[in-house]
Amino acid sequence: MNTVSIVGVARELPPFSRSTNDILPYVDRWLSGREARFRRKVLKIFEGAAVDTRYGIMDIEDVFTATSFEEKNARYVREIKKLGTGALKKALEDHGWAADSLDYIITVSCTGIMIPSLDAYIVNNLGLRRDVVRLPVTEMGCAAGISGLIYARHFLKSRPGKRAAVVAVESPTATFQMTDFSMANMVSAAIFGDGAACVLLSSEMEATGPKIIGEEMYHFKDATHLMGFDLTNTGLKMILDPAVPETIAAHFPEIIFPFLEKHGTSIEKVDHLIFHPGGRKIVQTVEELFGEMGKNVEDTREILRLYGNMSSVTVLYVLERFLNKEIHKGEQGLMLSFGPGFSAQRILLEW
């Protein structure tokens, strides 16, 4: 079996950004017809979300303007083409790869609908080869950044000397529902932001970067109700069950320990945690569980603060922070994310 390396990560951010403090007056105005107690509760959710800044494909005035699903999705399609193309172009330039050297392209997004999928437009925009293998990953939510890496590894480990790109682009702001006053919509509005990232992987002998030495998915049974979207006439309506953190905690030992043991290691030997920041409560839950083992998730917490939860993209921003560190040969990292299904996705890295 070939060795598969993560060569690099490039980020691409949409043009608009706002601090949470700037957003609060818009939230207050949006909720002006609701009872005062409810408004205070929602504002506290925003203030306590541990997100200082977020980026968006549209300015805040447009987010809080009632538009049709068709209009919001059209903007999503237009903007993610730019962000996806930009992220891959930046990654290729950073590492001196020609666009036509890619053998495999995976695009990841769940916050809008488009056919042809994003990868088809990138093939045209950047001049990828006619025989490049395309895989769009569309319905795996926050877990899909790691899912894309897992699929890339499956492709590359049986093919020496090949190159792959995983391009994740999300716009949760394009799914914001003006007429949905559920707690799921309030919490998601408080934690989510937009963004894009591209990860380059290679099975070439001379490839640099940490090696993927293990990957696996873990499916929670009878848990499809925990997270996802309902497709309604007004767009994608958030499903977010408050039981998610406790469900993760209950399964945590089974998610972590057998996986590491299978790959000849243990939590004691894992030096770096590359965890998806699903939200403040999920970060706290995982921090407490790992904290008992002497580990920390500071990089995860910082990405949440700077960008919010960008769904599938966010864990790739955390990964980039680790690729920019001085990490010694032989040290290990554990990538972990959760998403609809309900599922956990894991990757074991070694530098």
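Scoring rules and cut-offs
- The numbering scheme is per chain: residues are counted from 1 as the chain's sequence reads.
- Residue-level local features of this predicted model are given only where pLDDT is at least 70; pairs of side-chain atoms are given and counted only at 80 or more, and the full residue set underlies all totals for whole chains, interfaces and linings.
- Remark: hydrogens and water are excluded; side-chain values derive from all non-hydrogen atoms of the structure.
- One speaks of a salt bridge when a side-chain nitrogen belonging to Lys or Arg is within 4 Å of a carboxyl oxygen belonging to Asp or Glu.
- Under the scheme used here, helices are H or I runs from DSSP no shorter than 4 residues and strands are E runs no shorter than 2 residues, and both carry numbers assigned from the N terminus.
- The classification of residues rests on relative accessible area computed with a 1.4 Å probe and restricted to protein chains. Under 20% of the type maximum is buried, over 50% is exposed, and intermediate values are partly exposed.
- Pairing of aromatic rings covers Phe, Tyr and Trp, the last through its six-membered ring, and needs centres within 6.5 Å; plane angles under 30 degrees mean stacked, over 60 mean edge-to-face, and all others mean tilted.
- Criterion for a charge above a ring: Lys NZ or Arg CZ within 6 Å of the ring centre, and within 35 degrees of the ring normal.
- Throughout, an axis means a line fitted to C-alpha atoms (over the contacting stretch in the case of helices), and angles, computed between N-to-C directions, take values from 0 to 180 degrees.
- Convention used here: angles under 35 degrees read as roughly parallel, angles over 145 as roughly antiparallel, angles from 65 to 115 as roughly perpendicular, and any remaining angle as oblique.
- Helix crossings get a hand from a simple test, with the near helix turned counterclockwise from the far one by less than a right angle marking a left-handed crossing and a clockwise turn marking a right-handed one.
- Whether two residues are in contact is decided by their heavy atoms: any pair within 4.5 Å suffices.
- Just so you know the grouping, Ala, Val, Leu, Ile, Met, Phe, Trp, Tyr, Cys and Pro go in nonpolar, Asp, Glu, Lys and Arg go in charged, and all remaining residues, Gly too, go in polar.
- Here, expected helix span is obtained from the residue count minus one, scaled by 1.5 Å.
- To get the bend at any residue, fit one axis to the seven residues that end at it and another to the seven that begin at it, then take the angle between the two axes.
- A pair of strands counts as paired when DSSP detects no fewer than two bridges linking them.
- For a crossover, the right-handed case is the one in which the path from the first strand over the helix to the second runs clockwise, viewed with the strands pointing away from the viewer.
- Definition of a polar contact: a pair of N or O atoms within 3.5 Å, with one able to donate and the other able to accept a hydrogen when the atoms are protein atoms, and with sequence-neighbouring residues admitted only if both atoms are side-chain atoms.

A.B. asks: Even after reading the chapter, I still don't get the pattern of salt bridges, so can you show me in this structure?
C.D. replies: Opposite charge on two side chains permits them to pair, given that their charged atoms come into close proximity. Within the structure shown, the criterion is met by 22 salt bridges. Notably, a salt bridge pairs Arg 18 with Glu 61, separated by 3.7 Å at the nearest N-O pair. Taken together, the residues span a long stretch of sequence, with Arg 18 in strand 2 (residues 16–19) and Glu 61 in helix 3 (residues 60–63) at a distance of 43 residues. What makes Glu 61 partly exposed here is its relative accessible area of 35%. For Asp 62, the salt bridge identified is with Arg 75, shortest N-O distance 3.3 Å. With Asp 62 in helix 3 and Arg 75 in helix 4 (residues 69–95), this residue pair connects regions lying 13 residues apart in the sequence. Accessibility expressed as a relative area gives 32% for Asp 62, which makes it partly exposed. Three or more residues joined by partner-sharing salt bridges are found here, namely Asp 103, Arg 129, Asp 131 and Lys 162.

A.B. asks: Is there a simple way to think about the packing of aromatic side chains in this case?
C.D. replies: By convention here, two paired aromatic rings are described through the distance between centres and the angle between planes. Per the counting criterion, the structure on display carries twelve aromatic pairs. Ring centres of Tyr 26 and Phe 64 lie 6.1 Å apart, and the angle between their planes is 20°; on these two criteria the pair is classed as stacked. Taken together, the positions of Tyr 26 in helix 1 (residues 20–30) and Phe 64 in the loop between helix 3 and helix 4 put the pair 38 residues apart, joining distant regions of the chain. Among the aromatic side chains, those forming a connected cluster through ring pairs are Tyr 26, Trp 30, Phe 64, Phe 176 and Phe 181. Taking the ring centre of Trp 97 as reference, the NZ or CZ of Arg 163 above it sits at 4.2 Å. For the cation-ring pair, Lys 325 lies above Phe 322, with the distance from its terminal atom to the ring centre recorded as 4.2 Å.

A.B. asks: Before we go on, may I ask you to explain the packing of helix 4 against helix 5 (residues 118–126) in this structure?
C.D. replies: A pair of packed helices can be characterised by two numbers: the angle between their axes and the separation between those axes. The N-to-C vectors of helix 4 and helix 5 enclose an angle of 55°; their axes lie 10 Å apart at closest approach. In terms of orientation, helix 4 and helix 5 fall into the oblique class. The handedness of the crossing between helix 4 and helix 5 comes out as right-handed. Residues Ile 80, Lys 81, Gly 84, Thr 85, Leu 88 and Lys 89 of helix 4 pack against Leu 118, Tyr 121, Ile 122, Asn 125 and Leu 126 of helix 5. Of the residues assigned to the contact of helix 4 with helix 5, the class counts are six nonpolar, three polar and two charged.

A.B. asks: Explain helix 8 (residues 244–262) here, please?
C.D. replies: Side chains of residues three or four places apart in an α-helix project in the same direction, reflecting 3.6 residues per turn. For helix 8, spanning 19 residues, the distance from its first C-alpha to its last is 26 Å, which sits close to the expected 27 Å at 1.5 Å a residue. Considering bend angle alone, the principal kink of helix 8 is centred on His 251 and spans about 55°; proline Pro 253 follows within four residues of it. Close packing links the buried residues of helix 8 with strand 8 (211–219), strand 9 (227–232), strand 11 (270–275), helix 9 (280–291), strand 12 (332–339) and strand 13 (343–350).

A.B. asks: Would you explain the pairing of strand 4 (residues 104–108) in this entry?
C.D. replies: Put simply, side chains in a regular strand alternate between the two faces of the sheet. Counting buried positions along strand 4 gives five out of five residues, so the element sits mostly inside the fold. Residues Tyr 104, Ile 106 and Val 108 line one face of strand 4 and the alternating positions Ile 105 and Thr 107 line the opposite face, and both faces are buried. Relative to strand 5 (residues 133–137), strand 4 is paired through five bridges, and the arrangement is parallel. Considered in strand 5, the bridge of Ile 106 is made with Leu 135. Read as a crossover between parallel neighbours, the route from strand 4 over helix 5 to strand 5 is right-handed. As paired strands, strand 4 and strand 6 (residues 163–170) are joined by five bridges and run parallel to one another.

A.B. asks: I tried to follow the side chain of Thr 265 on my own but got confused; where do I start?
C.D. replies: Relative to the helices and strands, Thr 265 resides in the loop between helix 8 and strand 11. In this structure Thr 265 comes out as buried when scored by relative accessible area, which is 8%. Within the structure, the side chain of Thr 265 is placed 2.7 Å from the side chain of Gln 332, a separation counted as a polar contact.

A.B. asks: It is not clear to me how unusual backbone geometry should be interpreted in this structure. Could you clarify?
C.D. replies: It is generally the case that most residues other than glycine have a negative phi and that most peptide bonds are trans. A cis amide bond, omega 5°, links Ile 115 with the succeeding residue Pro 116. Relative to the assigned elements, Pro 116 resides in the loop between strand 4 and helix 5. Of the consecutive residues Gly 341 and Phe 342, the connecting peptide bond is found in the cis state with omega at -10°. Backbone geometry at Asp 222 places phi at a positive 55°, although glycine is not the residue there. Along the chain, the position of Asp 222 falls in the loop between strand 8 and strand 9. Non-glycine residue Ser 311 carries a positive phi angle of around 55°. Mapped onto the fold, Ser 311 is located in the loop between helix 10 (298–307) and helix 11 (314–323).

These results come straight from atomic positions and should not be treated as a statement about function.
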